[in-house]
Amino acid sequence: NAGVTQTPKFRILKIGQSMTLQCTQDMNHNYMYWYRQDPGMGLKLIYYSVGAGITDKGEVPNGYNVSRSTTEDFPLRLELAAPSQTSVYFCASSYQAYNEQFFGPGTRLTVL
Amino acid sequence: GDSVTQMEGPVTLSEEAFLTINCTYTATGYPSLFWYVQYPGEGLQLLLKATKADDKGSNKGFEATYRKETTSFHLEKGSVQVSDSAVYFCALRLTGNQFYFGTGTSLTVIP
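Nothing here was measured: the structure is a model prediction, and the numbers come from that model.

1. Comments concerning the pairing of strand E12 (residues 105-110) of chain B
Remember that side chains alternate between the two faces of the sheet whenever the strand is regular. Residue and element names in this part refer to chain B. A one-sided burial pattern is seen for E12, the buried positions being Thr105, Leu107 and Val109 and the unburied ones Ser106, Thr108 and Ile110. As paired elements, strand E10 (residues 86-93) and E12 share three bridges and run antiparallel to each other. Bridge assignment links Val87 to a residue of E12, and that residue is Ser106.

2. Some thoughts on the side chain of Ser93(A)
Residues and elements named next belong to chain A. Within the secondary structure, Ser93 sits in strand E9 (residues 87-94). Residue Ser93 is classed as buried on the basis of its relative accessible area, which comes to 0%. Among the polar contacts made by the side chain of Ser93, one reaches the side chain of His29 at a distance of 2.8 Å. In this structure, Ser93 is in contact with Val4, Gln25, Met27, His29, Tyr31, Met32, Tyr33, Glu100, Gln101 and Phe102, ignoring residues within four places of it in sequence.

3. Here's the deal with the sheet that holds strand E1 (residues 4-7) of chain A
All names here are of chain A. One open sheet accounts for four strands, arranged E1-E3-E8-E7; its pairing is antiparallel. A single partner strand is all that each edge strand has here, and the edge strands are E1 and strand E7 (64-66). Each adjacent strand pair in this sheet contributes to an overall mean axis angle of 20°, direction not counted.

4. Some thoughts on the pattern of salt bridges
All names here are of chain B. If you walk through the whole model with that rule in mind, you get six salt bridges over all chains. In this structure, Asp55 engages Lys52 in a salt bridge whose closest nitrogen and oxygen atoms are separated by 3.3 Å. A salt bridge links Lys77 to Asp84, with the nearest nitrogen and oxygen atoms 2.8 Å apart. Comparing Lys77 with Asp84, the two get one shared label, buried.

What counts and how
Residue positions are given per chain, counting from 1 as you read along its sequence in written order. For this description, chains carry letters from A and ligands carry numbers from 1, given in the order in which they are written. Local features in this predicted model are restricted to residues of pLDDT 70 or higher, and side-chain atom pairs are both shown and tallied only at a pLDDT of 80 or more, whereas totals for entire chains, interfaces and linings draw on every residue. Note that water and hydrogens are dropped before the side-chain values are worked out from all heavy atoms of the structure. We call a residue buried when its accessible area falls under 20% of the maximum for its residue type, exposed when it is over 50%, and partly exposed in between, using a 1.4 Å probe and counting protein chains only. Going along the chain from the N terminus, every DSSP run of H or I of four or more residues is numbered as a helix, and every run of E of two or more is numbered as a strand. Strands are labelled as partners when DSSP assigns at least two bridges between them. Think of a polar contact as two N or O atoms within 3.5 Å of one another; within protein, one of them needs to be a possible hydrogen donor and the other a possible acceptor, and neighboring residues in sequence only count if both atoms come from side chains. The contact criterion used throughout is that any non-hydrogen atoms of two residues lie within 4.5 Å. Between N-to-C directions, angles cover 0 to 180 degrees, with each direction set by a line fitted to C-alpha atoms, over the stretch in contact for helices. Salt bridges are defined as contacts in which a side-chain nitrogen from Lys or Arg sits within 4 Å of a carboxyl oxygen from Asp or Glu.

Nothing here speaks to function; it is all geometry.
Laid out in structure tokens, this is it:
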């Protein structure tokens, strides 16, 4: 099993550009999550999904969108990139809400 | 609201020293508590967990005990190694889907 994979590893965007961060898991997990990690801060939940076709907002959803058309994939969309979105983004998955979360290696995004 | 407070780092220790990283929590219910570790350039990995009061989680020589009376879940290791250098995150989960993470404590172990 590859676990949770994320692409790209690094990306630099200009203000106003858009992009999609990809996340795939091969563990047949129901739950998937997107977090951002700002320097010196803990992880903040952006969006999560409890299964295909179901998504919900987390603590910091503004400026982002998600979709979950399959169990395996949970892409995160930035429509109009802003410098405040400069961060490291982690995707995670778990079988159920109370199970351990498995994290991807992260995407480092810089918006200039 | 629900939250986790960790001791601030960075922490620098010599090899074989004793490690304590403090973690306290605020929660309206009965949370499960976790320690995650993040090695350089990698995502977070679960280190240990405890799901009810007085439970002790342990893994790789690390231990933490769920203390309801002091709302704490301090991480300890008796003898750290250079390979333990990483960032450690305390987290809690209440019933539901959201985890609350602390700000992380960076540990560097020098030979």
